[in-house]
Amino acid sequence: MKPDPAQLDLFLEPVFPVRIPASRIDIERFRAKIKRAMARAIRECPFDRPTIAARMAQYLGLPGISKATLDAYTAESKQGHDITLVRFAAFVHATGARRLWDDVVADQGVTVLIGDEARLAEIGRILQEQDAIKARLRAIRAARVEIKRGRI
């Protein structure tokens, strides 16, 4: 038996969630969320902290970034040590944790698509256009057409 499309699945989590922008950003909550996400990225990364710091420095063309600086970026207790956008990009590159971009923009109502995922969005957009054209065709076909050529 095929399930009703209007019935929701309690256990289904959308791969690409539809988000609503927050009306106000709680900066402390946001800061903690990003620091925790970065710390998780380090734990899941195959490189240790000094190597990540070195990879960041290489990506940025800097002589070096210390492990202590990296630790400050991920420590929730270090409120005065927020990472800049450029260094965050280097961190994402160094750890390979591209999902961090999604964590950063989620409160803005944005979902980040990575790589080929953008093609899925394009397919969905084209399917919507196709449905709109089909609806217009149905509306045009619904009206009777009276052909007057060839009549005297």
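Reading guide: rules and limits
- Residues numbered from 1 in each chain as written.
- Predicted model: local features only at pLDDT ≥ 70, side-chain atom pairs only at ≥ 80, totals over all residues.
- Heavy atoms only, no water.
- Helix = DSSP H or I, 4+ residues; strand = E, 2+ residues; numbered from the N terminus.
- Buried < 20%, exposed > 50% of the residue type's maximum accessible area, 1.4 Å probe, protein only.
- Contact = heavy atoms within 4.5 Å.
- Areas by Shrake-Rupley, 256 points an atom, 1.4 Å probe, with all protein chains shown as cover.
- Phe/Tyr/Trp six-rings, centres within 6.5 Å; stacked < 30°, edge-to-face > 60°.
- Core = buried A, V, L, I, M, F, W, Y, C linked by side-chain atoms within 4.5 Å.
- Expected span 1.5 Å × (residues − 1).

(A) Quick peek at the overall build of the chain. On a plain count of helices and strands, the chain comes out with 6 helices and 0 strands. What you see in the chain, going N to C, is helices and strands ordered as α-α-α-α-α-α. When burial is assessed residue by residue, the chain has 21% of its 152 residues classed as buried. In the chain, of all internal contacts separated by at least 6 residues, the share reaching a separation of at least 24 is 65%. When the accessible surface of the chain is summed, it comes to about 11900 Å², and 58% of that surface belongs to carbon and sulfur atoms.

(B) Structural context of the side chain of Thr95. As for its position among the elements, Thr95 is in helix α4 (residues 85-95). Apart from residues lying up to four places away in sequence, Thr95 is in contact with Ala41, Cys45 and Ile52.

(C) A look at the packing of aromatic side chains. Taken as a whole and judged by the stated rule, the model has 1 aromatic pair. Judged by centre distance (5.0 Å) and plane angle (85 degrees), the ring pair of Phe88 and Trp101 falls under edge-to-face. One end of the pair, Phe88, is in helix α4; the other, Trp101, is in helix α5 (residues 99-105), and 13 residues separate them in sequence.

(D) Expanded view of the nonpolar core. Within the largest apolar cluster, 21 residues are counted, with the highest numbers of intra-cluster contacts made by Ile52, Met56, Phe91 and Leu100. With residues near it in sequence (within four places) discarded, Ile52 still touches Ile42, Cys45, Phe47, Leu70, Phe91, Ala94 and Thr95.

(E) Structural context of helix α1 (residues 27-44). The end-to-end C-alpha distance of α1 is 26 Å, a good match for the 26 Å that 18 residues give at a rise of 1.5 Å each. Among all positions in α1, only Arg31, Ala32, Ile34, Lys35, Ala37, Met38, Ala39, Ala41 and Ile42 are buried. Packed against the buried residues of α1 are α2 (49-60), α3 (67-74), α4 and α5.

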